Amino acid sequence: MTGMTDIARILEEGPAAARAVLAASPAAPPEALYYLMADSAPSIRAAVAANPASPYQTFATLAGDHDQSVRQALATRLADIAPGLPADQQDRLAHMAWDALARLAEDAAEEIRATVAEAVKDLPDAPRAMMLALARDTSLRVADPVIRLCPLLTEEDLLGLVAAPPVAATLTAIARRPAISETVADALVATGDPVTITALLGNRTAAIRESALDALVVQAAEHTAWQEPLVRRPDLPPRAALALARFVAEGLLGALVERPGLPADCAARIRGAVAARLAGAARPGETAEDAASRAAILLRAGALDDAAMLRASRGGDAPFVTAALAGLAAVPHSTVEHAVVTRCSKSLAGLCRKAGLSDTAAETVIGLLAPAPPSTARVAVAPSLVGDGELRWRIDAVSRAAAR
């Protein structure tokens, strides 16, 4: 750094470039920075605001500068030091910094308010009045991080925001706040706003009363966006899970039946409800892949049983039954398809035996996948009527043929 004489010369008659270098220098003396914070060039005042050597006593003036770039530079600098500031009542210099932050938190420029909000969103020593002002900001970019993370906001504060939200998106921000209480959740549900309720259901740490969840489950038949967060809620009551099984989108049934911690009787009823929906009549226009997905859901859920196979076979759902038989018998899909194409009823009987199906279910499956010609009487092919050795041989043979 140059000597004091040179610094004085720069301040009095130096060109803008020299003043800018001095304003940005961490080694600049406080007196020079005081002088430069009133420079006519905004870029120089901004350099002073950004300079970590600028005394705290400059903050008030810089926070009120008419040029946005100066205020933004100060906001960025204060954002860096805010996490280390003690409470404003405990330290005179900290009080100056908090005062400047509070002023910037009310700045006309959204970018500046957002910079402040992001810096102080989770600080326990921030001034409460400033945090409330930020939480009530009409810009969600400003308010959202504070609403979600500020430890100073009380239940009363949140209820006040729900009752009189500055903008509609304020409700969504509250719904995403970690660990909100049942009282706040009740108030959010009472708004009836579908977007807010979707966010609330997706907040797995929110405490939601069982009665509220029951009511939302009933409405979820129409509000389809609620179905996935409901299915994935860790505190979903068993009766609500069973109710969802009757109408929730098929793509969510797998997650529903695989929920941990369900009582055994409830889990069995859910599996039954899911099986009733996924195993039935053939679906017009459905692809083989879609049918296989249905079968896979039931297989993972342990709901692919005799009843499901009987229902699907009697409903003529050949693609589903083919995929289901492959899954239950733990053989490649191509193995079952080959037995179907060749209409080898004994090979299908062997696969049914391997799948653990009863004779009744097996005969119905075989009747669908390998029907006998109308003029031909069917030879008995129930698995129990065919020897183990022959069934094993047929499964091996059809597997080898399918592999070719």
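Check the entry above for the structure.
Since this is a predicted model, take the numbers as computed values, not measurements.

### Description of the overall build of the protein chain
Scanning the protein chain from N- to C-terminus turns up 26 helices and zero strands. Counting only residues that meet the buried cut, the protein chain has 47% of its 404 residues in that class. Nonlocal contacts in the protein chain, meaning residues at least 24 apart in sequence, comprise 59% of its contacts between residues at least 6 apart. Of the roughly 18,400 Å² of accessible surface on the protein chain, 55% is carried by carbon and sulfur atoms.

### Examining unusual backbone geometry
Of note in this structure, Ala330 is not a glycine but carries a positive phi near 55 degrees. Examined against the element boundaries, Ala330 turns out to sit in the loop between helix H22 (318–329) and helix H23 (333–341). Residue Ala330 is classed as exposed on the basis of its relative accessible area of 65%. With a phi close to 55 degrees, Arg343 is a non-glycine residue in the positive phi region. Along the chain, Arg343 falls in the loop between H23 and helix H24 (345–355).

### Remarks on the pattern of salt bridges
This model, assessed by the stated rule, comprises 19 salt bridges. Among the salt bridges present, the one from Asp107 reaches Arg71, with a minimum N-O distance of 2.5 Å. Of this pair, Asp107 sits in the loop between helix H7 (92–104) and helix H8 (110–120) while Arg71 sits in helix H6 (residues 68–81), and the two are 36 residues apart along the sequence. The exposure class of Arg71 is buried, given its relative accessible area of 11%. Taking the shortest distance from any N to any O, the salt bridge between Arg113 and Asp137 comes out at 2.7 Å. Pair noted here: Arg113 is in helix H8 and Asp137 is in the loop between helix H9 (128–135) and helix H10 (140–149), with a separation of 24 residues, a long-range link. Several salt bridges share partner residues, and in doing so they unite Glu110, Glu111 and Arg141 into one network.

Calculation criteria
- Residues numbered from 1 in each chain as written.
- Predicted model: local features only at pLDDT ≥ 70, side-chain atom pairs only at ≥ 80, totals over all residues.
- Heavy atoms only, no water.
- Helix = DSSP H or I, 4+ residues; strand = E, 2+ residues; numbered from the N terminus.
- Buried < 20%, exposed > 50% of the residue type's maximum accessible area, 1.4 Å probe, protein only.
- Contact = heavy atoms within 4.5 Å.
- Areas by Shrake-Rupley, 256 points an atom, 1.4 Å probe, with all protein chains shown as cover.
- Salt bridge = Lys/Arg side-chain N within 4 Å of Asp/Glu carboxyl O.

Spatial relationships are all this shows, so hold off on functional conclusions.
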